[in-house]
Amino acid sequence: MSDNSILFEKAKFKMDKGILFCEFFNTDMCQRLHEEIVHLYIQAMTALCNGNPTPFLIDVRKTTGTYTIHAAKLFANSPELKRVRISEAYVLDTNAMKLLISSYKRIYEPLTPFVIVNNLEQAITFCLESKKEHDTVN
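Predicted model only: the values in this text are computed from it and were never measured. Numbering of residues starts from 1 in each chain and follows the order in which that chain's sequence is written. Per-residue local features of the predicted model are confined to residues with pLDDT of at least 70, and side-chain atom pairs are confined, for both listing and counting, to 80 or more; whole-chain, interface and lining totals are unaffected and use all residues. Remark: hydrogens and water are excluded; side-chain values derive from all non-hydrogen atoms of the structure.

**A few points about the packing of helix 1 (residues 35-49) against helix 2 (residues 69-77)**
Then, in step 1: Here the axes come from fitting lines to C-alpha atoms, over the contacting stretch only for helices, and the angles between their N-to-C directions go from 0 to 180 degrees. Helical segments are the DSSP runs of H or I of at least four residues, strand segments are the runs of E of at least two, and each set is numbered from the N terminus. At a minimum axis separation of 9 Å, helix 1 and helix 2 run at an interaxial angle of 20 degrees. Between helix 1 and helix 2, the angle is such that the two are roughly parallel. When the axes of helix 1 and helix 2 are compared, the crossing they make is right-handed. Of the residues in helix 2, those in contact with Glu-35, Val-38, His-39, Tyr-41, Ile-42 and Met-45 of helix 1 are His-70, Ala-71, Leu-74 and Phe-75.
Then, in step 2: Nonpolar residues are Ala, Val, Leu, Ile, Met, Phe, Trp, Tyr, Cys and Pro. Charged residues are Asp, Glu, Lys and Arg, and all others, Gly as well, are polar. Per-class residue counts for the contact of helix 1 with helix 2 are seven nonpolar, two polar and one charged. In these notes the angle categories are as follows: under 35 degrees is roughly parallel, over 145 is roughly antiparallel, 65 to 115 is roughly perpendicular, and the rest is oblique. Whether a crossing is left-handed or right-handed is set by the direction in which the near helix is turned from the far one by less than a right angle, anticlockwise for left-handed and clockwise for right-handed. Contacts are assigned to residue pairs with any non-hydrogen atoms lying within 4.5 Å of each other.

**Points about the packing of aromatic side chains**
Then, in step 1: Two rings from Phe, Tyr or Trp (for Trp, the six-membered ring) form a pair when their centres sit within 6.5 Å of each other. Planes less than 30 degrees apart are called stacked, planes more than 60 degrees apart edge-to-face, and all others tilted. Counted by the stated rule, this structure contains six aromatic pairs.
Then, in step 2: Taking the centre distance of 6.1 Å and the plane angle of 35 degrees together, the rings of Tyr-104 and Tyr-108 count as tilted.
Then, in step 3: Tyr-104 sits in the buried class, given a relative accessible area of 7%.
Then, in step 4: Three or more aromatic residues joined by ring pairs make a cluster, and in this case those are Phe-8, Phe-13, Phe-24 and Tyr-41. Exposure is judged per residue with a 1.4 Å probe applied to protein chains only, and the accessible area is read against the type maximum: over 50% gives exposed, under 20% gives buried, and values in between give partly exposed.

**What to know about the pattern of salt bridges**
Then, in step 1: Put simply, a salt bridge is a Lys or Arg side-chain nitrogen that is within 4 Å of an Asp or Glu carboxyl oxygen. A complete count under the given rule lists seven salt bridges for this structure.
Then, in step 2: Here Asp-59 and Arg-61 are joined by a salt bridge, their closest N and O atoms 2.7 Å apart.
Then, in step 3: Across the salt bridge formed by Glu-109 and Lys-105, the nearest N and O atoms sit 2.5 Å from each other.
Then, in step 4: The class for Glu-109 is buried, based on a relative accessible area of 6%.
Then, in step 5: In this structure, a network of salt bridges that share partners links the residues Arg-85, Glu-88, Lys-105 and Glu-109.

**A look at the layout of surface pockets**
Then, in step 1: Put simply, the largest pocket is a space of about 620 Å³.
Then, in step 2: A 1.4 Å probe that fits into a set of points on a 1 Å grid over the protein atoms alone but cannot get out defines a cavity; an open set with protein on both sides within 12 Å along at least five of seven lines defines a pocket, and lining residues are those with an atom within 4 Å of a point. Along its surface, the largest pocket is lined by 33 residues, and Phe-24, Leu-33, Tyr-41, Tyr-67 and Phe-75 are the ones closest to its centre.
Then, in step 3: Secondary-structure elements contributing two or more residues to the lining of the largest pocket are strand 3 (19-24), strand 4 (32-33), helix 1, strand 5 (54-59), strand 6 (66-67), helix 2, strand 7 (85-91) and helix 4 (95-107).
Then, in step 4: Along the lines of polarity and charge, the residues of the lining of the largest pocket split into 21 nonpolar, seven polar and five charged.
Then, in step 5: When its volume is computed, the second largest pocket comes out at roughly 160 Å³.
Then, in step 6: What lines the second largest pocket is Lys-12, Lys-14, Phe-21, Cys-22, Glu-23, Leu-57, Asp-59, Arg-61 and Leu-120.
Then, in step 7: At three residues, the largest contribution of residues to the lining of the second largest pocket is made by strand 3.
Then, in step 8: A per-class count over the lining of the second largest pocket returns four nonpolar, no polar and five charged. Grid points are joined across faces, edges and corners, and a volume is the space filled by probe spheres set on the points.

Here is the structure:
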C-alpha cells in the first residue's frame, strides 16, 4: 500500500491523475454493505482527496450484493464526501448492478453528475472532462 492508495478487505481506494479510483470486490450475493464499513470508506476517500474537489471513478465489476438503506444514505449525504465529490463514473458489467446504481442515484443522490459505463477508458474520460470543467468554472 502506498500513500495514494488504501486497501480494505472488499474495497480499494486510490488517487491517480486527479481521480479517486474506488474499486469494490465483493463476490457474496448475500453480503450487504453496512453503515459501519461506509464510515471507514468515507474516511479513506476524504483522506485521499485531501480536501480537493475530485471526480470519483467507482468500479463495481467485481461486485455482487447490495447495500443497506443507511449505508446508501450515508454515502449520499456525507458532508465530507459532498465537499470533495464533483462527479461519479460507475464502471459495471451486469444489468443487475446497473439497476442497483441507477436506483441509488435516483433515490438517494441525484445531484452529482454521473455516468454509467462498461469500460474503464470511458469512465476515465468522463472524470477528466468533469475535473477540467470544474477547474474552469472555479
